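Here is how the chains run, residue by residue.
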Amino acid sequence: AQSVTQPDIHITVSEGASLELRCNYSYGATPYLFWYVQSPGQGLQLLLKYFSGDTLVQGIKGFEAEFKRSQSSFNLRKPSVHWSDAAEYFCAVVSDSNYQLIWGAGTKLIIKP
Amino acid sequence: EAEVAQSPRYKITEKSQAVAFWCDPISGHATLYWYRQILGQGPELLVQFQDESVVDDSQLPKDRFSAERLKGVDSTLKIQPAELGDSAMYLCASSPRTGDTEAFFGQGTRLTVV
């Protein structure tokens, strides 16, 4: 069965520092991949998505992600984090059997002042 | 900007009581999803509608949960009777059509069963 792994449950970075959140997926063909962000007590907001084409994808709020087929990864990056980026981040892949989203467990981002 | 509307935002109920959540998807979106999200975990799909029809409810605990989308627009998710383990965030999402995999989420309903 397809799966998504986010190895880091929590990540703490200082404000202004760079960020990389890891996501690994299991899939045979080129997947459809997403990153969503969830602020405390809120719903999920789409940050970016990858379907095909350029493997470096730009999203909202200054985030980007790079699809690396050889590593089965879709890591999320931001060059300089802001306190408002503190949230939980979810990676998801589309199931090839029913087109539903398969979710990672999430990574909670904590920002140090 | 069009949004998925959910109500209530918060609900506290006693176990064995009935509770209902409402969702109004983005206008024109044919596909509607209900997810349950336990604190610290990713969302779990409960039910998927295409217009008024259920596409997938394999993960819906049908002995106590029910969902409907009678006119293919807004939707209601009901739990009867509620159990302590049902405490979670219930998220509604919609997308323009099946296979269009970008889903737009509402703010969610936080359910606490006491």
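Residues numbered from 1 in each chain as written. Chains lettered and ligands numbered in written order. Predicted model: local features only at pLDDT ≥ 70, side-chain atom pairs only at ≥ 80, totals over all residues. Heavy atoms only, no water.

Considerations on the overall build of chain A
Spelled out, the test is: Only DSSP runs of H or I reaching four residues or more are called helices, and only runs of E reaching two or more are called strands; each is numbered from the N terminus. Our radius of gyration looks at C-alpha atoms and nothing else; its globule reference is 2.2 Å times the residue count to the power 0.38. Each residue's exposure class comes from its accessible area (1.4 Å probe, protein chains only) as a fraction of the maximum for that residue type: buried when under 20%, exposed when over 50%, partly exposed otherwise. Throughout, a contact is declared for two residues whenever any of their heavy atoms are within 4.5 Å.
Along chain A, the regular secondary structure elements total zero helices and 12 strands. Reading the secondary structure of chain A in the N-to-C direction produces β-β-β-β-β-β-β-β-β-β-β-β. A globule of 113 residues ought to have a C-alpha radius of gyration of about 13 Å, and chain A, at 13 Å, matches this closely. The 113 residues of chain A split such that 46% are buried. Looking at chain A alone, contacts between residues at least 24 apart form 53% of all its contacts between residues at least 6 apart.

Focus on the sheet that holds strand E3 (residues 19–24) of chain B
All names here are of chain B. Threshold: Here, any two strands with at least 2 DSSP bridges between them count as paired. Where helices are involved, their axes are fitted lines through C-alpha atoms of the stretch in contact, as for all axes, and angles between N-to-C directions lie from 0 to 180°.
As summarised here, the arrangement of the four strands in space is E1-E3-E8-E7, forming an open sheet in which the pairing is antiparallel. A single partner strand is all that each edge strand has here, and the edge strands are strand E1 (5–7) and strand E7 (65–68). Sheet twist, expressed as the average angle between the axes of neighbouring strands with direction ignored, equals 15°.

Let's talk about the pattern of salt bridges
Side-chain pairs of opposite charge can arise where the charged atoms are in close proximity. Residue and element names in this part refer to chain A. Rule in force here: Within this document, salt bridges are pairs made up of a side-chain nitrogen of Lys or Arg and a carboxyl oxygen of Asp or Glu, the two lying within 4 Å of each other.
Under the defined criterion, the tally for this structure stands at nine salt bridges over all chains. With its nearest N and O atoms 3.2 Å apart, the salt bridge here joins Arg 77 to Glu 66. In this pair, Arg 77 is assigned in strand E9 (residues 73–78) and Glu 66 in strand E8 (residues 64–68), connecting sequence segments 11 residues apart. It is possible to trace a salt-bridge network through shared partners that takes in Glu 64, Glu 66 and Arg 77.

Observations regarding the state of the cysteines
In a disulfide, the sulfur atoms of two cysteines are held together by a covalent bond. All names here are of chain A. Stated formally: Note on terminology: pairs of cysteine sulfur atoms within 2.5 Å are recorded as disulfides.
Following the criterion strictly, the structure yields two disulfides over all chains and no others. Paired through a disulfide, Cys 23 and Cys 91 show a sulfur-sulfur distance of 1.9 Å. Between Cys 23 and Cys 91, the S-S dihedral sits near -65°, and the bridge is therefore left-handed. With a gap of 68 residues between them, Cys 23 in the loop between strand E3 (19–21) and strand E4 (24–26) and Cys 91 in strand E10 (residues 87–94) connect regions that are remote in the sequence. Cys 91 gets classed as buried once you look at its relative accessible area, which sits at 0%.

Looking at the interface of chain B and chain A
Put simply, the rule reads: We define buried area as the total accessible area lost by two parts upon association, computed with a 1.4 Å probe and summed across both.
The partner chain A presents 20 residues to the 19 residues of chain B that form the contact. Each partner contributes to the roughly 1,500 Å² buried at the junction of chain B and chain A, and carbon and sulfur atoms together form 50% of this total. Where chain B packs against chain A, one counts one salt bridge. Taking the shortest distance from any N to any O, the salt bridge between B:Glu102 and A:Lys49 comes out at 2.5 Å.

Things to note about the side chain of B:Gln6
Residues and elements named next belong to chain B. To keep it simple, the criterion reads: Under this definition, polar contacts are N or O atom pairs within 3.5 Å; protein pairs additionally need one hydrogen-donor-capable and one acceptor-capable atom, and for neighbouring residues in sequence, both atoms have to be side-chain atoms.
Residue position: Gln 6 is located in strand E1. Engagement of the side chain of Gln 6 in a polar contact is seen with the backbone nitrogen of Cys 92, the distance being 2.9 Å. Only 3.0 Å separates the side chain of Gln 6 from the backbone nitrogen of Gly 108, close enough to count as a polar contact. Residues contacting Gln 6, with those up to four places away along its chain left out, are Trp 22, Cys 23, Trp 34, Tyr 90, Leu 91, Cys 92, Gly 106, Gln 107, Gly 108 and Thr 109.

Interpretation note: all reported values are geometric properties and have no functional meaning in isolation.
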